[in-house]
Amino acid sequence: MNIEKSRISPLQFMFAIMCFIRSSSLLSSFFTPIVNQDSWLVIIFGMIVSLPVLWIYISLSKAFPKSNLIEINDLVFGRIGGKIISAFYLWFFFTLTALNLRDLGIFVGKSTMSKTPPVLIIIVFILLCAWAVYYGLEVVTRYGIVFILISSAILLLSFLVSINIMHRESFLPILNQPLKSYIQGTNIITMIPFGELVVFLMIVPYVDFKQKKLVRYFMGGFLLGGLLLLAVILRDLAILGNTLKYFSLPSFETLRIIRLFDSLGHMEILFAILLIILLFFKVTLLFYISLLALSYWLKIETFRPFILPVAALLVAYSFIMFESSMQQTAFAREIIPFFWPIFEMLLPFITLIVAYIRELPKKNREKEKEDVKV
Amino acid sequence: MFKYINKKLRYGFFRLTEQNNHPPKPEDDSKKTQETLISGNLTADLEYIRKLLGTSSDIKMHEFRYGEDFQLKGALVFVDGLVSNEILTESIMKPLIMNRNLSPFQTSSMQKTLDTVRQTILCSGDITEKYTIGELVESCLSGDTVFLSEGFDKALIISSKGWEKRSITEPQTESVVRGPREGFTENFRTNTALIRRRIKSANLRLDHMSIGEKTDTNVCVAYIDGVADPNIVDTVKARLKSINTDAIMDSGYIEQYIEDHPFSLFPTVGYSEKPDVITARMLEGRVAIISDGSPFVTTAPMLLLESFQTSEDYYIRPYFASLLRIFRYLAFIITVSAPAFFIALTTYHQELIPTTLLLTIISAREGTPFPATLEAIILILSFEILREAGVRLPRPLGQAISIVGALVMGEAAVTAGLVGAPMVITIAITAVAEFAVPDQSEAASILRIIFLVLASVLGAYGIALGFLGVLIHLASLKSFGVPYCTNLTFNHNMQDSYIRMPLWFMSKRPKAIVGQDKTRNKTNTPPSPLSKNSSPEENP
Amino acid sequence: MLNKFKKFLFLLMVFILVFTASGCYDIRELDSLYIVTGMAMDKAEQPGLIEVSVQIAKPGALGSGGGGDKKGGGGEEKATIIIDSVKRNVIEALEALRHDSSRTLFMHHNQVLIFGREQAEAGILPYLDASMRDQETRLEVMVLVADEKAKDVLNTEIKAEKYSAVGIRRMVDNKRSISKFFGIDLLTLVSKLTEETTSPLLPIIKIVEEEDLTRLSLTGMAVFKKDKMIGKITEYQLRGYSWVMGELKSGYLPVKLKQGSSVMYVKSSKNKLNTIFKPDGKPIMSMEIEGVFSVGELMGFEEMDTKQIVDELKKGAEQAIRKEIMSCFKSVQSMKADIYGFGDYINKHHPKKWKTLKPQWEELFPSLELDLKIKVEIKDTGKILQSPQMEIGRLS
């Protein structure tokens, strides 16, 4: 069974990771009110904490270079065990997609289209995603590089333009908050953009890696993406200062303040379009991965007939998930830190250990050799 | 309703195919004629040819006597107008009639006589022997002269093409400030010669085929062996062979028959009127298709960025060339999205317009009767109509029309308060920007309206979705197996994409297209005055 | 092929349907909008209510003749309209205005937010919430306090400007080139209010009536304690404040000495704040202020060479700066208003000490000591090297 026939380049893979992390800058309000002026520190903590987690992912995909997460589960836990664990992952992927879809709807509603019902915004959006997903992985990841370049250019521009309204004082005092809030903040940042990289285990087998380079590109994407996220938070913090905690979309508020010249308009429209584009990338990728996982789970030849039904389900799911955005923020702050680690740390770790105990990678390799010989 | 239309269409198709299949007899007949051998009886053969070609006035059959004491009977068959009179009289008629040495009794066999005629008498470099009437008629129709002689069961075909043709002139579409000014003509041979003259490599291949049941148009697939990817060459040939039509009027026909995505807004096959452009593309590994009767040569595969490159980019120094290229990208974005942005800003996101500008726009729009979107559509429509009228009319009249349209109507509409001046300005910028990227202007005109509708329905969100949609579509396009936006997304060969690097830097041919021979320059070092090749005088 | 075409048509129709169905909820044609340029909030006569007035750019006014002469009978029609409404909350009042006129109010381009003096004294915080929360308000709107009634300020015409609110904004921007503290935008105000001990400042705008002309003028700053106005400082004192904040970017400093007088342009200023803790734990704010000047004008100084003059000027400037700073500091100390954010500074740099200082800051601030070190640099003497007057003195 080989659903995805096209292969993407390692560079595309790296930029896909970057784009994935970068698009999470929208969600900074999940942790900014908790740690205030130390938000940037929390990102660094989060990156450090994420390193061992990434190591798990990398070792998993090194051990099973030709199988995606669902296939790995089948190999490691056997047919039935694998199916059950994969089902959990499937739920996780779908939830992630729906969550991001919801974020987009709320963002567009808040920033530009306040009167349009979010359902319509989301339906139009998911149709577009469905179109991209229809063409497969190559189309989905194709523009990662372009999006990252554009967003970095806008980030740089906003830094240059706003340099005179940044305050060094905004970052002070450093480390002056209860330990608990740091732990909570670090946990959120680890779980929300960084730990979600577990979804990339689904597409690693479709990248043209020379084995050694996997670490370089995976880590490269993670580090660069993390740095971009850090830069965004630093900018927002430097400009908004202690008011950062008030806003549900800090970056958007920052961009509203920045003026290119005294009379020449505001850059927020650029930012809104940029964020829509980045979120599009993330949602499309997640949507694609969910479908891929679904088709491997059900062992079907193609997921194309499932695209539209799944899209409809996602729209419904993203709407019944929460009643209000307050509830969602509470979910992000209070439930995700305890729930997401199961998928992002615990299960991959268990998989790795079981594989190690059963000496599975070795068998796998022998099998491959046999395949080659045959 | 669709079902109905569908049914109708199918019925129509059925009828068409039926008509095509119905009269099988003449086809059999013509097959027979094609296989009919030349009998050797001059009058009978001529009669047969006359029957085949009908009573066309331009078909000339000239019977004459030649040889020693005019003992031999011969005939020339040619189409008046297609043959050069000079060749006919000076190289064929004159030598034949003036030669008195040829005697039928001197030769032992007929083959020898004909060889003598061919080798010692006729003054032409391209003479072939043909045995069937069909071949004879075919070459006669394509401008050659047929020489028949009494008692011989074969004919000599003497190349004498020489009809009136346009000389090589500066092309109308791709004018340059710096660079070669010659363009292709409608003449097939001239065009192949223009290419051959620029690539003096033994590896240049010009593979010939003819397409079209009725027109029998000469088509030539030109590529450089080794540089072009053999897979692409094979694909091109296979697609050309599979064209099943009776007529090829222009290379535009061929483009539409062989393109990958007939429903896409974007062209996936390129064309140019300039031999330098075509040869440059062939040197990048592309395949050129020259078709008789068209001054436009088709190239495949085509990448999106090709539309933003001009030949002049490579003839001037890289800085300005790169700048111009960036302007072209901007122009394309402007021409596609400027009206959409204007609508989005003025009907959805007024907060983004600087205060003073907003107040100006409001006062300009105050009192105009239509909603902004309708106003934009009206203006775009009237611009397209004006352009169409300007192109079709004779040149002096066309200018008059544009003056009346642009100045009088535009000015009057604004002063009368029917449309707002800012909108007119926006549409004008859009219209001007369209011509910076002529290759994509068809796509741009349609995209512009799509974006306009999106913007008027969903504002900036609509525009963002529109851009994403276009990007997805572009990513899904392929031209002869090569992804359409290959070097748009930093895959490879970025030295000649968004900007143009110096020529010495572009040492590799485009990876996605090229075959075996991948390097262009041996080294990619800048020319330096200290290198061995430079003469010592240059060093101070 | 036909099948593919059918699929294409189907998709096209789905897209068209979805797009047209989803659209046009947020559409606002330009000619259905009232562009609000300024907003004023006054305490209403009835207790607990607020009077919200907005200034609207009259759309037709721009097109009709740019520079008609004003002296002609009747004068030019005003380019703005003022409407107001008295309600309990800001949003309530705005909604009332919105539904009571032929067009919708469009708040995004609001330039200034002016509080009436009475309202400022009663507290502004309850009314800022609406401005922050509302999607339509920008954080960069300038906040001012009117000397009397805010509505009257909006109603006053500014000669060169069509829309007085835009004019006020430009006045503030102009002043801001001296020091950014001359104009306070909503973001800065909220940021200051968030700092626990800092007192915000807001510029005061005043209607000045001259013989046949009423004009607006920015005179000094209102000092707030929490969100209530408690006093004023003058423009002179504000300069002292700006020296301390190290933010004086232009303007001039008159220096008067025995030998003569001079006006010096401020080129830039810097301040290095530091806190020294006395043995008893009380802080002293020490600052190293550095001012860079250029000579604008010299009077007197006969029979002196340039080096002497520069030395004298430096001393004089130092005195002048010290005077400006202390004038402001004494004034706010008496009001117990920490406009400098010294408390916040200690919080940021010495968070542990601050925990003990914070409860008694209210008592500490009035007796706070400053340790001033002022360094003056004269970089430039203008276009001429020596004053003609000096030359004459030397010759005679």
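How each quantity is defined
Residues numbered from 1 in each chain as written. Chains lettered and ligands numbered in written order. Predicted model: local features only at pLDDT ≥ 70, side-chain atom pairs only at ≥ 80, totals over all residues. Heavy atoms only, no water. pLDDT = per-residue confidence, 0-100. Helix = DSSP H or I, 4+ residues; strand = E, 2+ residues; numbered from the N terminus. Contact = heavy atoms within 4.5 Å. Salt bridge = Lys/Arg side-chain N within 4 Å of Asp/Glu carboxyl O. Polar contact = N/O pair within 3.5 Å; in protein donor to acceptor, adjacent residues only side chain to side chain. Nonpolar A, V, L, I, M, F, W, Y, C, P; charged D, E, K, R; others polar. Core = buried A, V, L, I, M, F, W, Y, C linked by side-chain atoms within 4.5 Å. Buried < 20%, exposed > 50% of the residue type's maximum accessible area, 1.4 Å probe, protein only. Axes fitted to C-alpha atoms, helices over the stretch in contact; angles between N-to-C directions. Parallel < 35°, antiparallel > 145°, perpendicular 65-115°, else oblique. Left-handed = near helix turned anticlockwise from the far one by under 90°. Buried area = accessible area lost by both parts, 1.4 Å probe. Phe/Tyr/Trp six-rings, centres within 6.5 Å; stacked < 30°, edge-to-face > 60°. Lys NZ or Arg CZ within 6 Å of the ring centre and 35° of its normal. Pairing = 2+ DSSP bridges.

Residues and elements named next belong to chain B. Chain-level statistics for chain B give a pLDDT mean of 82 and a share of 89% at 70 or above. Per-element confidence in chain B ranges from a low mean pLDDT of 51 for helix α1 (residues 2–21) to a high of 94 for strand β9 (residues 287–291). Residue range residues 12–28 is modelled with pLDDT below 50. Its contacts to residues more than four positions away, or to other chains, number zero contacts. In the predicted structure, residues 534–540 sits below a pLDDT of 50 and forms three contacts with residues beyond four places in sequence or in another chain.

Interfaces are often described in size by the accessible area the parts lose on coming together. Between chain C and chain B, the contact holds 32 residues from the first and 32 residues from the second. For the salt bridge of R365(B) with E29(C), the shortest nitrogen-to-oxygen distance reads 3.7 Å. The interface formed by chain C and chain B holds eight residue pairs in polar contact (both at pLDDT 80 or more) in total. Of all the elements in the fold, those that place two or more residues in the side of chain C that touches chain B are α1 (2–22) and β1 (33–43) of chain C. In the side of chain C that touches chain B, the residues fall into 17 nonpolar, six polar and nine charged.

With that settled, consider the nonpolar core. In terms of nonpolar packing, the biggest core is built from 263 residues, with F200(A), F218(A) and F287(A) touching the most fellow members. Every residue in contact with F218(A), bar those within four places of it in the chain, is listed here: F13(A), I17(A), L54(A), Y57(A), I58(A), L197(A), F200(A) and V204(A). Membership of the second largest hydrophobic core comes to 22 residues, among which are V219(B), I248(B), I254(B) and I289(B).

A few words on the pattern of salt bridges. If you walk through the whole model with that rule in mind, you get 47 salt bridges over all chains. Its salt-bridge partner being D74(A), residue K299(A) comes within 3.7 Å of it at the nearest N-O pair. In this pair, K299(A) sits in the loop between α11 (268–298) and α12 (307–320) while D74(A) sits in helix α4 (residues 69–111), placing the two residues 225 residues apart along the sequence. Residue classification places D74(A) among the buried residues on the basis of a relative accessible area of 18%. In this structure, a network of salt bridges that share partners links the residues R281(B), E284(B), R286(B) and E306(B).

The packing of two helices is summarised by the inter-axis angle and the distance between the axes. All names here are of chain A. Running from N to C, α4 and α12 cross one another at 70°; their axes reach a closest spacing of 8 Å. Regarding the angle of α4 to α12, the classification is roughly perpendicular. For the element pair α4 and α12, the recorded crossing hand is right-handed. Along the contact surface, α4 presents W91, F94, T95, T97, A98, L101 and R102, while α12 presents V310, L314, V315, Y317, S318 and F319.

Here the focus is helix α10 (residues 342–349) of chain C. Counting buried residues along α10(C), seven of its eight residues qualify, which places the element largely inside the surrounding structure. Among the residues of α10(C), those classed as buried are F342(C), G343(C), D344(C), Y345(C), I346(C), N347(C) and K348(C).

Okay, the interface of chain A and chain C next. Chain A puts 31 residues into the contact, and the matching count from chain C is 31 residues. Buried area between chain A and chain C, both sides added, is near 2600 Å², and the carbon and sulfur share of it is 57%. At the boundary of chain A and chain C, one finds zero salt bridges. The interface formed by chain A and chain C includes zero residue pairs in polar contact (both at pLDDT 80 or more). Secondary structure elements with two or more residues in the side of chain A that touches chain C: α5 (118–135), α9 (213–240) and α10 (250–257) of chain A. Class assignment of the residues belonging to the side of chain A that touches chain C gives a composition of 14 nonpolar, eight polar and nine charged.

Now for the packing of aromatic side chains. Inspection of the entire model under this criterion finds 39 aromatic pairs over all chains. Aromatic ring contacts, followed pair by pair, group Y89(A), W91(A), F92(A), F93(A), F339(A), W340(A) and F343(A) into a single cluster. Sitting above the plane of the F20(A) ring, K282(A) keeps its charged end 4.9 Å from the centroid. The positively charged end of R239(B) is found above the aromatic ring belonging to F480(B), 4.3 Å away from the centroid.

Residues and elements named next belong to chain B. Within β9, five of the five residues are buried, leaving the element largely enclosed by the surrounding structure. Along β9, one buried face is formed by V287, I289 and S291 and the opposite face, lined by A288 and I290, is buried too. Here strand β7 (residues 217–224) pairs with β9 via four bridges, running antiparallel. Note that in β9 the partner of V219 across the bridge is S291. Direction of pairing for β9 relative to strand β10 (residues 297–300): antiparallel, over a ladder of three bridges. Bridge pairing in β10 links A288 to T299.

This next bit is on the sheet that holds strand β5 (residues 155–158) of chain B. All names here are of chain B. In space, the five strands of this open sheet follow the order β1-β2-β4-β5-β3, with antiparallel pairing throughout. Pairing within the sheet leaves two strands with one partner each, and these edge strands are β1 (59–66) and β3 (127–130). Strand after strand, the sheet turns through a mean of 25° between neighbouring axes, direction not considered. Pairing analysis gives four bridges linking strand β2 (residues 72–79) to strand β4 (residues 145–149), with the strands arranged antiparallel. Bridge assignment links V77 to a residue of β4, and that residue is V146.

Attention now goes to the sheet that holds β9(B). All names here are of chain B. Spatially, the five strands line up as an open sheet ordered β6-β7-β9-β10-β8, and their pairing is antiparallel. A strand with exactly one partner marks an edge of an open sheet, and here the two such strands are β6 (204–211) and β8 (270–272). Shown here is a sheet whose adjacent strand axes are inclined to one another by a mean of 25°, direction ignored. The pairing of β8 with β10 spans three bridges and is classified as antiparallel. Residue pairing across strands places S272 opposite V297, the latter belonging to β10. Together, β7, β8, β9 and β10 form the strand contacts of helix α9 (residues 251–258), whose direction differs from that of β9 by roughly 135°.

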